[in-house]
Amino acid sequence: MGRLLFFALIAVLVFWALRTYVRGVKKRQEAQQHTLSVEGEDMVRCVHCGVHLPRSESVMAGGEIFCSDEHRRLHAGQ
Ligand SMILES: [Zn+2]
């Protein structure tokens, strides 16, 4: 009877450990998805050619966003 109780305790411990592990993985996945969505929000669109690029790589001029300095000049020349 004591052995049965011991195995029951082991089963509970294994179940608890697995649940904690799965929760940790889910939390990490949610954190990664959050990071991705933040990067997604940080994408901007070139007003000249319409290409999407990260805000950090864009060129801003007169409140408008361009993918390159060349497109900024081309757009201003029109
Ligand atoms: Zn462009």
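Each remark here, short or long, concerns the structure printed above.
What comes next concerns the included structure. It should be emphasised that the depicted structure is a prediction, and the values quoted were computed from it without experimental measurement. (Residues numbered from 1 in each chain as written. Predicted model: local features only at pLDDT ≥ 70, side-chain atom pairs only at ≥ 80, totals over all residues.)

Moving on, we come to the overall build of the chain. Helix and strand content of the chain: two helices and four strands. In the chain, which comprises 78 residues, the proportion classed as buried is 5%. Considering only intrachain contacts with a sequence separation of at least 6, the fraction spanning at least 24 residues in the chain is 11%. (Helix = DSSP H or I, 4+ residues; strand = E, 2+ residues; numbered from the N terminus. Buried ≥ 20, exposed ≤ 12 C-beta atoms within 10 Å, placed from the backbone. Contact = placed C-beta atoms within 7 Å.)

If you trace the backbone, Val 47 turns up in the loop between strand E1 (43-45) and strand E2 (52-54). Val 47 gets classed as partly exposed once you count the C-beta atoms within 10 Å, which come to 15. Through-space distance from the C-alpha of Val 47 to that of Phe 66 is 5.9 Å; in sequence the pair is 19 residues apart. Filtering out sequence-adjacent residues up to four positions away, Val 47 remains in contact with Glu 64, Ile 65, Phe 66 and His 75.

Among the secondary structure elements, His 48 is positioned in the loop between E1 and E2. Classification of His 48 by C-beta neighbours within 10 Å gives partly exposed; the count is 19. Along the backbone, His 48 and Glu 70 are 22 residues apart, and their C-alpha atoms lie at a distance of 10.0 Å. What His 48 contacts, discounting residues up to four positions off in sequence, is Phe 66, His 71, Leu 74 and His 75.

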